[in-house]
Amino acid sequence: MRWLLVSALLAGLGLGIARLWPADSAVAGSAIRPLSAVCEVPATMSAGLSAGVPAGVSATSAEAAMVWVPAGSFTMGAEYTYREEGPAHQETVAGFWMDQTEVTNARFAAFVEATGYVTLAERGISNPADPAAPPVPGSAVFVPPDPEAGFDPFLSWWQFAPGADWRHPQGPDSSLAGLEQHPVVQVAYEDAVAYAAWLGHTLPTEAQFELAAQGTSREDASGAWISNTWQGFFPMQNDGTDGYLGSAPVGCYTANPLGLYDLIGNVWEWTGSPYYFGHDFPAMSDYPEGYDPNQPGEPVAVIKGGSYLCAANYCMRYRPEARQGQSKGLGTSHIGFRTVLVPSAVAD
């Protein structure tokens, strides 16, 4: 039986699935909807001098433009924001190709149609409070708290929603209508790995993601929003002044210096790196599947980039060095992914 925990989703607190397990029915409908369509997805995602699909890549990935990220050395991590981001240290990464955007619902649908793949949320999640019970199809959904009702500051805005999955990201009564170019969510780690493997790609390592995200930010020098995050007082008030209350279509906001979109904000993104509480965790070899003190015993991977739920008063992880540990065994309504391809994989 999987002991499933919702990760340190926003504040570094591991939330157990047993605490999220619903006493009654699923969340109905979509709790977050776009405020306005402020952009159009480019017909071709070709920003950046090196954008394009590398030679030798299968035709199935030709629709997903990739950008070359040159090899580089950089200061990885940070010292003064969240403990798990330190210590800052020098890291060197070889060059690689990276998807220009997060994987969209349309692209994930093509993968499912071609392979018949069934995601973990669709197969079902085990309830640790009742291990003899059959797994329940579903996933974790953000539900804004009622300001009049009072709320638990760690739990009230996350619920396990039976019937939530990538096709129904906000619960069984939601759909992908109009969301074809939004990032796919409600995908667990193994689902993202399966999609990447279908293309002969992998998930980025934490270091690859952080190198690629250098120069990416929430606002530009004038204070204009250039990433999809939360404006207002989380979780009670979202002004939506960046154009969206929830996820946005990929490529809506300003590309970073390499021509990559949405490495900061929109949705968190899976990496292939195990999570440890700090870059200097002393016992990494003892925990090859990662270790999070909030989720002991649970395999955890690093997620990067923050999401549309990150606000200045809470989370503040819309920075390249920000990181969080996420249980590999559960998707959420604000985690997606993109893939990378290293030159050796192209040569093979």
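First, a word on scope: everything that follows refers to the structure included in this document. (Residues numbered from 1 in each chain as written. Predicted model: local features only at pLDDT ≥ 70, side-chain atom pairs only at ≥ 80, totals over all residues. Heavy atoms only, no water.)

## Quick notes on the sheet that holds strand 3 (residues 66-69)
Argument step 1. Read across the sheet, three strands follow the order 3-6-13 without closing on themselves; strand pairing throughout is antiparallel. The outermost strands of the open sheet, each flanked by one partner alone, are strand 3 and strand 13 (340-341).
Argument step 2. With four bridges joining them, strand 3 and strand 6 (residues 96-99) adopt antiparallel strand pairing. Bridge pairing in strand 6 places valine 69 opposite phenylalanine 96. (Pairing = 2+ DSSP bridges. Helix = DSSP H or I, 4+ residues; strand = E, 2+ residues; numbered from the N terminus.)

## Focus: unusual backbone geometry
Argument step 1. Backbone geometry places glutamine 186, a non-glycine residue, at a positive phi of 60 degrees.
Argument step 2. Mapped onto the secondary structure, glutamine 186 falls in the loop between strand 8 (158-162) and helix 4 (189-198).
Argument step 3. In the Ramachandran plot, asparagine 266 falls in the positive-phi region, its phi being about 70 degrees despite a non-glycine side chain.
Argument step 4. One can find asparagine 266 in the loop between helix 5 (206-212) and strand 9 (268-274).
Argument step 5. A residue is classified by how much of its surface remains accessible, and asparagine 266, at 0% relative accessible area, is buried. (Buried < 20%, exposed > 50% of the residue type's maximum accessible area, 1.4 Å probe, protein only.)

## So, the pattern of salt bridges
Argument step 1. Taken as a whole and assessed by the stated rule, the structure comprises eleven salt bridges.
Argument step 2. Arginine 83 serves as the salt-bridge partner of aspartate 280, at 3.5 Å between the closest nitrogen and oxygen. Here aspartate 280 is found in the loop between strand 9 and strand 10 (300-304), whereas its partner arginine 83 is found in the loop between strand 4 (72-76) and strand 5 (89-93), with 197 residues between them in sequence.
Argument step 3. Given the relative accessible area of 42%, aspartate 280 is considered partly exposed.
Argument step 4. Between arginine 167 and glutamate 122 there is a salt bridge whose closest N-O contact spans 2.6 Å. Of the two residues, arginine 167 is situated in the loop between strand 8 and helix 4 and glutamate 122 in helix 3 (residues 120-123); the sequence distance between them amounts to 45 residues.
Argument step 5. In the salt-bridge network here, residues are joined through shared partners; they are Glu206, Glu210, Lys304 and Arg323. (Salt bridge = Lys/Arg side-chain N within 4 Å of Asp/Glu carboxyl O.)

## Description of the pairing of strand 9
Argument step 1. Counting buried positions along strand 9 yields five of seven residues, so the element is predominantly enclosed.
Argument step 2. Where strand 9 lies against strand 10, three bridges are found, and the strand directions are antiparallel. Looking at strand 10, one finds that proline 274 is bridged to alanine 301.

## Focus: the packing of helix 2 (residues 105-115) against helix 4
Argument step 1. At a minimum axis separation of 11 Å, helix 2 and helix 4 run at an interaxial angle of 75 degrees. When the axis of helix 2 is compared with that of helix 4, the two are roughly perpendicular. In contact with Arg107, Phe108, Ala110, Phe111, Ala114 and Thr115 of helix 2, helix 4 contributes Asp191, Ala194, Tyr195 and Trp198.
Argument step 2. Classifying every residue of the contact of helix 2 with helix 4 by side-chain character gives seven nonpolar, one polar and two charged. (Axes fitted to C-alpha atoms, helices over the stretch in contact; angles between N-to-C directions. Parallel < 35°, antiparallel > 145°, perpendicular 65-115°, else oblique. Contact = heavy atoms within 4.5 Å. Nonpolar A, V, L, I, M, F, W, Y, C, P; charged D, E, K, R; others polar.)

## Thoughts on helix 2
Argument step 1. Buried residues of helix 2: Asn105, Arg107, Phe108, Phe111 and Val112, and no others. Buried residues along helix 2 cover an arc of 165 degrees about the axis, so they all sit on one side. Helix 2 presents Glu113 and Ala114 as exposed residues on the side facing more than 90 degrees away from its buried surface.
Argument step 2. The inward-facing, buried residues of helix 2 contact strand 6 and helix 4.
Argument step 3. Two residues or fewer after helix 2 comes glycine 116, characterised by a positive phi angle close to 75 degrees. (Arc of directions from axis to C-beta.)

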